[in-house]
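Survey of secondary and tertiary structure
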Amino acid sequence: MLFRDSTYSVLLASASEKFNTVTASLLPGSEFWPVTVAKTSGEAQRLLLERSFDLVLVNAPLPDEFGTRLAIDASRKTQAGVLLLVRRELHEEVYYKVMEDGVITLPKPVSEPVMSQMLRTLCSVRERLRRAEERQVTVEKKIEEMRLVNRAKWLLIERLHMTEEDAHGYIRRQAMDKRVTQREAAEDILRTYQ
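To start, this report covers the structure provided alongside it. (Residues numbered from 1 in each chain as written. Predicted model: local features only at pLDDT ≥ 70, side-chain atom pairs only at ≥ 80, totals over all residues. Heavy atoms only, no water.)

1. A word on the overall build of the protein chain
Filter applied, for reference: Per the convention used, a helix needs a DSSP run of H or I reaching at least four residues, while a strand needs a run of E reaching at least two, with both numbered from the N terminus. We compute the radius of gyration over the C-alpha atoms and compare it with the globule rule, which gives 2.2 Å times the number of residues raised to the power 0.38. Relative accessibility under 20% of the residue-type maximum defines a buried residue, over 50% an exposed one, and the middle range a partly exposed one, all with a 1.4 Å probe and only protein chains included. Two residues form a contact once any of their heavy atoms are found within 4.5 Å. The positive count covers Lys and Arg only, the negative count covers Asp and Glu only, and His and the chain ends enter neither. A charged residue contributes its charge at one atom only: NZ of Lys, CZ of Arg, CG of Asp or CD of Glu.
For the protein chain, the count of helices and strands is seven helices and five strands. Written out in order from the N terminus, the α and β elements of the protein chain read β-α-β-α-β-α-β-α-β-α-α-α. For 194 residues, the compact-globule formula gives about 16 Å, and the C-alpha radius of gyration of the protein chain, at 25 Å, lies well above that figure. A principal-axis box enclosing the C-alpha atoms of the protein chain has dimensions of 75 × 35 × 25 Å. Every one of the 194 residues in the protein chain was classed for burial, and the buried ones make up 39%. The long-range share in the protein chain, meaning contacts at least 24 apart out of those at least 6 apart in sequence, stands at 59%. Positive and negative side-chain charges of the protein chain, numbering 30 and 29 respectively, have mean locations separated by a distance of 1 Å.

As structure tokens, this is what we get:
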């Protein structure tokens, strides 16, 4: 593997010690750390509420539920790449239940090379989700800035009887003159006139 400055955190939901041992050997600490094991769906759900994980691996069935609900919830409520492993004879049916929620499924038993490749695929999925999350945060910040600028603009219209165009120009000039963002200029106006 090429050098990375971070690792992928993993939640492994599985009641099978053998599966856990084999899977742990495919998760070197240089790439995957920490690896947290949950023996039941309930325990895994609690862990997902407490902290975030980059990858969630569900070895079905679990003692308290099959594992589909956990996989779907993890995919819907987190930014993790989610893999659900099911017995070969159930794979097709389970695949159609979870695929629309972005859960990747694999039929068991799984060879080590296939599992290693799937872990790499999950890492790629996680990176894609991470970028989408960053874009969403950027868009939300821009929307918040627009709201602040609009509030400042309407305050100038109300208090100083400016036209909308003049108020907008005033905010832009304040930002340029003070060498600050329009958001900061709007915040200054809000502090001054509220």
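So that's the structure; there's more coming.
2. A closer look at the packing of helix 5 (residues 112-160) against helix 6 (residues 164-178)
In helix packing, the relevant descriptors are the interaxial angle and the interaxial distance, both defined with respect to the helix axes. Quick note on the threshold: Here an angle of 0 to 180 degrees is reported between the N-to-C directions of two axes, which are lines fitted to C-alpha atoms, with helices fitted over the stretch in contact. Our angle categories are set so that under 35 degrees counts as roughly parallel, over 145 as roughly antiparallel, 65 to 115 as roughly perpendicular, and the remainder as oblique. Note: crossing handedness is left-handed where the near helix turns anticlockwise from the far helix by less than a right angle, and right-handed where it turns clockwise. Each residue receives one of three labels: charged for Asp, Glu, Lys and Arg, nonpolar for Ala, Val, Leu, Ile, Met, Phe, Trp, Tyr, Cys and Pro, and polar for the others, Gly being one of them.
Where helix 5 meets helix 6, the axes come as close as 9 Å, and the angle between the chain directions of the two elements is 120°. Judged by the inter-axis angle, helix 5 sits oblique to helix 6. Our pair here, helix 5 against helix 6, has a crossing hand that is right-handed. Every residue of helix 6 that contacts helix 5 at Val 149, Ala 152, Lys 153, Trp 154, Leu 156 and Ile 157 is listed here: Glu 164, Ala 167, His 168, Tyr 170 and Ile 171. Looking at the contact of helix 5 with helix 6 residue by residue, the classes come out as eight nonpolar, one polar and two charged.

3. Details of the sheet that holds strand 4 (residues 81-87)
Inclusion rule: Whether two strands pair depends on DSSP finding at least two bridges between them.
Strands sit in the order 2-1-3-4-5 across an open sheet of five strands; the sheet is parallel. In this open sheet, the two strands that pair with only one neighbour each are strand 2 (32-38) and strand 5 (104-108). Within this sheet the neighbouring strands show an average axis-to-axis angle of 20°, counted without direction. Looking at chain direction, strand 1 (residues 8-13) and strand 3 (residues 55-59) are connected through four bridges and run parallel. When the bridges of strand 3 are listed, Leu 11 appears paired with Val 56. The strands touched by helix 1 (residues 17-25) within the sheet are strand 1, strand 2, strand 3 and strand 4, with strand 1 carrying the most contacts at an inclination of about 165°. Contacting strand 1, strand 3 and strand 4, helix 3 (residues 68-77) crosses the sheet at an angle of about 165° to strand 4.

4. Observations concerning unusual backbone geometry
The residue after Ala 60, namely Pro 61, is reached through a cis peptide bond having omega 0°. Relative to the helices and strands, Pro 61 resides in the loop between strand 3 and helix 3. Cis geometry marks the peptide bond from Lys 108 to Pro 109; its omega dihedral reads 0°. Mapped onto the fold, Pro 109 is located in the loop between strand 5 and helix 5. In this structure, His 161 is a non-glycine residue whose phi angle is positive, near 55°. In this fold, His 161 is placed in the loop between helix 5 and helix 6. The exposure class assigned to His 161 is exposed, which follows from its relative accessible area of 69%. Positive phi, close to 55°, is recorded for Arg 179, a residue that is not glycine.

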